[in-house]
Amino acid sequence: LYTTGPVLVAWEPSKPLVMEEIEVAPPQAHEIRIKIVATGVCHTDLYHLFEGKHKDGFPCVLGHEGAGIVESVGSEVTKFNPGDKVIPLFISQCGQCRFCKSPKTNLCEKGWASDRYDVMSESDTRFTCKGKKVLQFMGTSTFSEYTVVNEIAVAKIHPSAPLDKVCLLGCGVATGYGAALNTAKVEPGSTCAVFGLGAVGLAAVMGCKNAGAKRIIAIDINPTKYEKAKVFGATEFVNPKDHNKPISQVLHEMTNGGVDFSLECVGSVAVMRSALESCVKGWGVSVLVGWTDMDDFAARPIQLIAGRTWKGSLFGGFKSKDGVPKLVNEYLEKKVKLDEFVTHNMTLAQVNDAIQLMQTGDCIRSVLSVALQ
Ligand code: NAD
Ligand code: ZN
């Protein structure tokens, strides 16, 4: 049966989200209808709304960092039951495609992400509002009480997991943490630099620390972020605005020739270049984590000829269905921090305030409560 529930619709780019009542179709074969309990607000939501603004990507329901409970399942679904705690995944893991079969990547071929990075949604949707088709952003749409997701993009998690915390493992924290551990493969005793100290960057700091890095240099143009970075393990802080020379030169001077690993967690091609140039020649590795598809980037070829490696990371390189339940368990075992990322708890109706807090840099993560458990 169709169900209805409160939702935030992004009717058009750059406009506030609007609270509406939405009709959500029942789950079809292999699909799961999830009641979302809590969702974080991630910069990628803001990217689609204010920067990417793809003309075919609206109206849509944003949100891709949520956690909830299975409400009902479609035919052929055997591994999920109503009441299970779950996290919807913006990267699927079908287990069958050549990418899932390779240990080298987490880029499943089956989800929306395989060929619609620009539009950031599939054309097919289970949402209707005021008689209009509304798109499902990143295959998840967690700014909605109900959402329908294929079982290849749902992780079943530990029944005692607090949903208003583990929702952050649906995107930001898994992304930054895995970028350090899985993509950069940070080594014990190394020197790391993390550019951008939002939830993604702070999670990268936590990954560097858990990998045994000796020095973790945290870089942000907003100095109010340094205190939090210390909590996650940063050892030094640099504000590019305090220097009238390139930040890469500052880092070379601080580290006798450059850092071993750098992670860009801002989403700016200029910062991506700085992060690469901050690495030491010979073996330095720089990872792109920040999301942008607007501009080309540039660098001098000698940077790579001299032995640096430039790579990127989507969802921290985690195979999503395997990785997320493990991360939830690591949180329950206190190996991964989550509570410290949450600076604001709000309701779904307060989303526009949460968006503004991110724009002004006055939050790390705002978590919105969506439905009662
Ligand atoms: P955020 O807005 O909370 O944090 C960004 C931080 O970068 C802010 O603290 C800001 O002050 C800082 N910053 C801005 N310009 C800077 C500069 N020139 N130098 C240094 N710091 C600067 O965002 P977030 O939610 O942490 O997301 C960070 C990025 O990661 C975004 O681009 C987001 O789209 C991206 N992202 C990527 C993936 C992925 O799978 N690759 C997943 C989630 C998010
Ligand atoms: Zn995100």
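Residues numbered from 1 in each chain as written. Chains lettered and ligands numbered in written order. Predicted model: local features only at pLDDT ≥ 70, side-chain atom pairs only at ≥ 80, totals over all residues. Heavy atoms only, no water.

**Describing the environment of threonine 4**
- For threonine 4, the location among the structural elements is in strand β1 (residues 3-9).
- The partly exposed category is assigned to threonine 4, whose relative accessible area is 44%.
- Residues threonine 4 and glutamate 145, spaced 141 residues apart in sequence, show a C-alpha to C-alpha distance of 8.5 Å.
- Discounting chain neighbours no more than four positions away, the residues touching threonine 4 are Glu21, Ile22, Glu23 and Tyr146.
- At a separation of 3.4 Å, a polar atom in the side chain of threonine 4 contacts the side chain of glutamate 21. (Helix = DSSP H or I, 4+ residues; strand = E, 2+ residues; numbered from the N terminus. Buried < 20%, exposed > 50% of the residue type's maximum accessible area, 1.4 Å probe, protein only. Contact = heavy atoms within 4.5 Å. Polar contact = N/O pair within 3.5 Å; in protein donor to acceptor, adjacent residues only side chain to side chain.)

**Topic: the coordination of the zinc ion (ligand 2)**
- For the zinc ion (ligand 2), every protein donor is listed as Cys42 (SG), His64 (NE2) and Cys171 (SG), and the spread of their distances is 1.9 to 2.2 Å.
- The motif formed by the donor residues of the zinc ion (ligand 2), counted along the single chain, is C-x21-H-x106-C. With a gap of 107 residues between them, histidine 64 in the loop between β4 (60-61) and β5 (66-73) and cysteine 171 in the loop between α3 (163-166) and α4 (172-184) connect regions that are remote in the sequence.
- Residue class for histidine 64 comes out buried when judged on its relative accessible area of 0%.
- Accessibility expressed as a relative area gives 5% for cysteine 171, which makes it buried. (Donors = N, O, S within 2.8 Å, 3.2 Å for Na, K, Ca; no water.)

**A few points about the UniProt feature "domain: Enoyl reductase (ER)" (unreviewed entry) in the protein**
- As annotated by UniProt and renumbered to match this structure, "domain: Enoyl reductase (ER)" (unreviewed entry) occupies residues 12-368.
- End C-alpha atoms of residues 12-368 are separated by 22 Å, and the span's content is 27% helix alongside 23% strand. (UniProt positions renumbered as here; feature names shortened; annotations may be inferred.)

**Quick notes on the sheet that holds strand β16 (residues 309-312)**
- Taken together, the 6 strands give an open sheet; going across it, the order is β13-β12-β11-β14-β15-β16, and neighbouring strands pair in parallel fashion. Every other strand in the sheet has two partners, leaving β13 (236-238) and β16 as the edge strands with one partner each. Taking each pair of neighbouring strands and ignoring which way they run, the sheet shows an average axis angle of 20°.
- Two strands pair when backbone bridges link them, and strand β14 (residues 261-264) and strand β15 (residues 285-288) are joined in this way by 4 bridges, in the parallel orientation. Bridged to leucine 263 within β15 is valine 287.
- Taken strand by strand, helix α7 (residues 247-255) contacts β11 (191-195), β12 (215-219) and β13, and its axis lies near 160° from that of β12. (Pairing = 2+ DSSP bridges. Axes fitted to C-alpha atoms, helices over the stretch in contact; angles between N-to-C directions.)

**Regarding helix α11 (residues 351-360)**
- Turning to α11, its buried residues are Val351, Ala354, Ile355, Leu357 and Met358. One side of α11 carries all its buried residues, which in axial view fall inside an arc of 160°.
- Those residues of α11 hidden inside the fold are in contact with β1, α1 (43-52), β17 (342-347) and β18 (365-369).
- A positive phi of about 75° marks glycine 361, the residue just after α11. (Arc of directions from axis to C-beta.)

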